[in-house]
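# Residue-level structural notes
Chain residues, written in single-letter form:
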Amino acid sequence: MSPVDAAGPWSDRWEIVVGLEVHCQLKTATKIFCDCPTSFGAPPNTHTCPVCLGLPGALPVLNGEAVRLAVRTALALGCMVHRESVFARKNYFYPDLPKGYQISQFDRPVATGGAVAVGGPGIEAGRVIRVHRVHMEEDAGKSIHDRFPQATGIDLNRAGTPLVEIVSEPDIRSAAEAGSYLRRMKQLLEYAAVSDANMEEGSLRVDVNLSLRPHGAVALGTKTEVKNLNSFSAVERAIELEATRQAAILEAGGAVVQSTLLYDDRRQTVRPARAKEGSHDYRYFPEPDLPPLVVEEALIAEQQAALPELPPARRLRLAHQYGLGEGEVEQLLVSAVWCDTFERLAAACGDARRACAWLLGPVTASRNQGGWTLEAHPVGLDRLAALIRLEADGALSNTAARQLFGIMERDPGDPDQLARREGLLQVRDDDALAAWVDAVLAEHPDEAARFLAGERKLLGVLVGLVMRKSGGAADPRRVNQQLAARAG
Amino acid sequence: MTGDPVASVVVSEEEVRRVAALARVAIDEEALPALAADLGGILAHMAQLRAFAEDDAPSASVPSGMPWRADLPRDAGAAPASASVTLLAIAPSQQDGFFLVPQVVAHAAGHEPVAEGA
Amino acid sequence: MGEACTPVARRSSPADTARTVEAAWRRFDEVGAGAEGLNAFLAVDREARAPDTLGGALHGVPVAVKDNLVTLGLPTTCGSRLLEGYVSPYEATAVERLRAAGAVIIGKTNLDEFGMGSTTEFSAFGPTRNPLDRSRVPGGSSGGSAAAVAAGIVPIALGSETGGSVRQPAAFCGVVGVKPTYGRVSRYGLVAYASSLDHVGVFGATVADAARALAVMAGPDPRDATALAAPPPDFLAAVAGVPALPGTSALAGLTVGVPREYFPEGLDARVRARCHGAIEGLRALGATVREVSLPHTALAIPAYYIIAPAEASSNLARFDGVRFGRRVPAASLRDMLEHTRAQFGAEVTRRILLGTYVLSAGYYDAYYRQAQRVRAAITADFTRVFADGIDVLFTPTAPTVAPALGALTDPYTMYLGDCFTVPANLAGIPALSVPVGRVEGLPVGGQLMAPHGADARLVAVAARLEAALGREAHQ
Ligand SMILES: [Mg+2]
Ligand SMILES: [Zn+2]
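Please read all numbers here as calculations on a predicted model, not as lab measurements.

## A look at the coordination of the magnesium ion (ligand 1)
- For the magnesium ion (ligand 1), the full set of protein donor atoms is Glu137(A) (OE), Glu137(A) (OE) and Glu165(A) (OE), at a range of 2.0 to 2.6 Å. A residue pair is termed long-range when its members are at least 10 positions apart, and Glu137(A) in strand β8 (residues 128–138) and Glu165(A) in strand β11 (residues 162–168) qualify at 28 residues.

Written out as structure tokens, the structure is:
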């Protein structure tokens, strides 16, 4: 299998060219063309009706919410939304495709153009993957192959679920870029609140189109399509496998055959999906049951307004405005709500760096799974801000602050009072501190003499002794100041 | 109608076979010649459409767009359980809530084990 | 020809039409409308009664429904083996509205399989016979509904049109057949043949009967995205005050266009004569008559027979034996599918293959796209004459009277019989057929066409013409 030879790895000679088709389920309550619910996990065929079963005489009627979400998706990706687009029938037979055609969009999609900036380890700075088009379509049902002997079971609950298909230009050059593109896109879709973007429930599905060409070549090589990818890591792995497979063929002087392949996660292989390629001819034509889709300027404006600040802009602003590191910014960007929480906390406590450290540290460690907000957290945003202020002022040591945080998770009291009650506040009273300093100097006359004579390196030792004397309650900064002052 | 110079549109039996396969209609071999002749004959008449020059075509009037459904709350959209039972009952073959079809063999030639549109 | 003379086989005028359910069944039995006789019905419901609540606009009126409109309680076969015994779990909007108005659905009528045909000979359940001459076809595809009205069994029957399937059988059977503006009556529950051309239409013993049904059925439907959003016109007002008082010029101020392309040289001279009689009738009512031209008319049939089969090939893909319908069992999925779909009759198969062919890779532009261009040109022809002062157009409905059973063998010759009706389907404009006289006992229909949305004008003119022609039209 390995194409490595004396001339070095194949990747020195061949460039990977990948385009992705991402199918994303829009989070409407009902299906795209009927009133059946879109919820996941119901008993088979219970969310069906004459329309989504394709019974004779039934007709589709478009769900307005699906249009709004599709437009918002397109805007989030920086696409141009077209005033008029057209639904088309994609004709093919499959038992879980009830009407014998999928209602999709073909030559006039709802939006075109757009881009997703990618980044991260192994990716050249400033790389952008262009989005070719975004179109609306309905999902098919599910075929269950392993439940009945000699028979395939068909469940049409999913049939008619609204999807947007996001097609990239063939701009992706590595598995890492593909992974970043998908993660950044998932993030965008979540920020735009258009999809649950959950790969486990199948609300995000990806097809990979891949070809190789010699470095420097312009013309594209023959591509293959890998379907059935149900996780981002599967996409990355499939790209590696398929690129290696194609390279082996090309290096041996062979030609890649245009085909559709399936990724097998268990065996870690890609294999042909069907014997005969080119046998499908989708016979697209405009869907006569649906007039053209007209998206008014007002709807575009409304959806633009509904978009929050999106990750690309927010990434830059967080770094500049708060002076955060790249890693911290990425961790905050994971969710829009999380990011909002950070900004509200930073404003409330007046110390962005501490706010960030607290969110990514103790709060992350203690928050419930999936909870990207402090609303449900027992400490709450306002009390956490108060705690951070105490720490920032020096009233609490970091250790004491963490202790207090633990107490606050169980006790709804005011942080300042809790700290007092638990004796966590640092002593900053100069007289009290002077008494401890006097005692330590008296108990350690030798060190005291040397220190007062100018041996500055003893400062640390003496501060430690004063801290121990105070049982940890003294404010180390003030102890430091007092000792330094005595040394002159 | 006869003597039309473009009446030479010929549909071969092979083309009928190809189209019948696309349309998933079993055709008897004996019926192919007659069908090919029928389709060829009909299409020959259709050839007069080509005489229609493109610049004669008026721009289609811009339609006003289509009505949209409201996205009902999840509860409101749910069909009563009895409805799905009725819908399943009209199926030629069903079991445990599933419609049944002959086993889809994942890799047999000619079959398409992947739902393509998705 | 002996059967043709059965005296009870036809009503002598609309006045002989049964107007109660009891009378309908009496008439049904008298004329022999069952499978052995006219074969006009594929299913009947002899238990059906008027609802208890009174006051519906059609309370107690017996109505027959073409068997491609889905109904609760009665099977819907579309004249196809594939749907034999199929009972829909929901009902078509048009039927629902008729029932809500108190109409009694007495049965489902025969048709060319899925509406594909012009004679009702392409039904899997045998041809329907013309009640006026049982050796002849009733026209099609809504032949069963036309025959049911012509035989006097029902005053109102639903039909459907894709290229003239209501108007042409109405002409052949001597009844009124109306195809309203596209989208005026919801298509929800009409089993699709060619969605962009399909209409629910209605047969009436008189124009007023058809208008009463339209008044109930027309109007927006949230379940059909192509239904017109505008409220329907007042169909009852359109037929009120007819016949007009003697001596009044009921159509004064109206300009009737007579397109020369609809009176070609080869037109049956007797059909031409009856139509000219009707044109004189319109003139006598005070209308101005003007010759006009619709230059793209000859291209209507080729455009139609590209677009309709293309859409049909897709619309009929759902008949795969998976969720409903008669499956032909087989070991493999592919065989199950292909043998189940081999149950389609010859004409349906022909159109599915034709439609698949014209949509397939490499042919789309030459056929489908070009046909859509021609369709736009035909629509523009109509728009131009209507903008040019023409209020309605008058033409023959069909170039001939009803042909004998089995007379049409070549598909394209049969298709040409639709040449006068197809343009209105391509343009989506309202059109109807009204009896204008007879030729050797066989009816001739005159067609009126009106601008998009002008259904009320169409019906109003037809009602006045019908009144003017009086019993003449039925002799
Ligand atoms: Mg797709
Ligand atoms: Zn549904």
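That shown, we press on.
## Quick word on the coordination of the zinc ion (ligand 2)
All names here are of chain A.
- The zinc ion (ligand 2) binds to the protein through Cys 34 (SG), Cys 36 (SG), Cys 49 (SG) and Cys 52 (SG), with metal-donor distances spanning 2.3 to 2.4 Å.
- Coordination at the zinc ion (ligand 2) comes from four donor atoms whose angles at the metal span 101 to 114 degrees, giving a geometry best classed as tetrahedral.
- If you list the donors of the zinc ion (ligand 2) from N- to C-terminus, the spacing comes out as C-x1-C-x12-C-x2-C. Here the residue Cys 34 occupies a position in the loop between β1 (14–25) and α1 (64–76), and Cys 49 occupies one in the loop between β1 and α1, the gap between them amounting to 15 residues.
- Classification of Cys 34 by relative accessible area gives buried; the value is 5%.
- Owing to a relative accessible area of 14%, Cys 49 belongs among the buried residues under this scheme.

## Re the environment of Ser231(A)
Residues and elements named next belong to chain A.
- When you line up the elements, Ser 231 lands in the loop between β13 (224–229) and α3 (232–251).
- A sequence separation of 10 residues divides Ser 231 from Leu 241, and the C-alpha atoms of the two residues are 15 Å apart.
- A polar side-chain atom of Ser 231 sits 3.0 Å from the main-chain amide nitrogen of Ala 234.

## Looking at the pattern of salt bridges
Residue and element names in this part refer to chain A.
- Counting across every chain of the model gives 67 salt bridges over all chains.
- Here Arg 130 ties to Asp 171 by a salt bridge, and the two come within 2.7 Å at their closest N and O atoms. Of this pair, Arg 130 sits in strand β8 while Asp 171 is found in the loop between β11 and α2 (175–191), placing the two residues 41 residues apart along the sequence.
- Residue classification places Arg 130 among the partly exposed positions, given a relative accessible area of 44%.
- Relative accessible area serves as the criterion here: at 10%, Asp 171 is assigned to the buried category.

## A few points about the state of the cysteines
- Applying the stated rule across the entire model yields zero disulfides over all chains.
- The thiol of Cys79(A) is unpaired, and the distance to the nearest cysteine sulfur, on Cys24(A), comes to 13 Å.

## Some words on the packing of α2(A) against helix α5 (residues 311–322) of chain A
All names here are of chain A.
- Between α2 and α5, whose axes approach to 10 Å, the crossing angle comes to 95 degrees. Taken together, the axes of α2 and α5 are roughly perpendicular relative to one another. Side by side, α2 and α5 meet where Arg 184, Gln 187, Leu 188 and Tyr 191 of the first sit next to Pro 311, Pro 312, Arg 314 and Arg 315 of the second.
- Here the contact of α2 with α5 is built from residues that sort into four nonpolar, one polar and three charged.

## Notes on the interface of chain A and chain C
- Opposite the 29 residues of chain A that make contact, chain C presents 37 residues.
- Carbon and sulfur atoms supply 61% of the area buried between chain A and chain C, which totals about 2700 Å² over both sides.
- Taken together, the links from chain A to chain C amount to one salt bridge.
- The partner of Asp289(A) in a salt bridge is Arg187(C), and the shortest N-O contact between them spans 3.0 Å.

## What about the environment of Thr73(A)?
All names here are of chain A.
- Looking at where Thr 73 falls in the secondary structure, it is placed in helix α1.
- A residue is classified by how much of its surface remains accessible, and Thr 73, at 0% relative accessible area, is buried.
- As for Thr 73 and Ala 385, which are separated by 312 residues in sequence, their C-alpha atoms are 35 Å apart.
- Among residues more than four places away in sequence, those in contact with Thr 73 are Leu 26, Val 164, Ile 166, Leu 189 and Val 194.

## Focus: the sheet that holds strand β4 (residues 87–91) of chain A
- Spatially, three strands are ordered β5-β4-β16 (chain A) in an open sheet, and the strand pairing comes out antiparallel. Whereas interior strands pair on both sides, the edge strands pair on one side only; in this sheet they are β5 (101–105) and β16 (285–286) of chain A.

## With respect to the confidence of the model for chain C
Residues and elements named next belong to chain C.
- Overall, the prediction assigns chain C a mean pLDDT of 94, with 97% of residues at 70 or greater.
- Considering only residues more than four positions removed or in separate chains, one finds that residues 1–9, a stretch of pLDDT under 50, has 14 contacts.
- Reported for the predicted complex are a pTM of 0.90 and an ipTM of 0.94.

## Section: the pairing of β8(A)
Residue and element names in this part refer to chain A.
- Where burial is concerned, most of β8 is hidden: eight out of the 11 residues are buried.
- With two bridges connecting them, strand β6 (residues 111–112) and β8 associate as antiparallel partners. Each residue of the ladder has a partner; that of Thr 112, found in β8, is Arg 133.
- With three bridges joining them, strand β7 (residues 115–117) and β8 adopt antiparallel strand pairing. Along β8, the bridge assignment pairs Ala 117 with Val 128.
- Of the pairings in the sheet, the one linking β8 to β11 comprises seven bridges and is antiparallel in character. The residue bridging Glu 137 from the neighbouring strand is Leu 163, located in β11.

The rules we used
Residues numbered from 1 in each chain as written. Chains lettered and ligands numbered in written order. Predicted model: local features only at pLDDT ≥ 70, side-chain atom pairs only at ≥ 80, totals over all residues. Heavy atoms only, no water. Donors = N, O, S within 2.8 Å, 3.2 Å for Na, K, Ca; no water. Helix = DSSP H or I, 4+ residues; strand = E, 2+ residues; numbered from the N terminus. Tetrahedral: all angles 85-135°; square planar, octahedral: opposite > 155°, others 65-115°. Buried < 20%, exposed > 50% of the residue type's maximum accessible area, 1.4 Å probe, protein only. Polar contact = N/O pair within 3.5 Å; in protein donor to acceptor, adjacent residues only side chain to side chain. Salt bridge = Lys/Arg side-chain N within 4 Å of Asp/Glu carboxyl O. Disulfide = S-S within 2.5 Å. Axes fitted to C-alpha atoms, helices over the stretch in contact; angles between N-to-C directions. Parallel < 35°, antiparallel > 145°, perpendicular 65-115°, else oblique. Contact = heavy atoms within 4.5 Å. Nonpolar A, V, L, I, M, F, W, Y, C, P; charged D, E, K, R; others polar. Buried area = accessible area lost by both parts, 1.4 Å probe. Pairing = 2+ DSSP bridges. pLDDT = per-residue confidence, 0-100.

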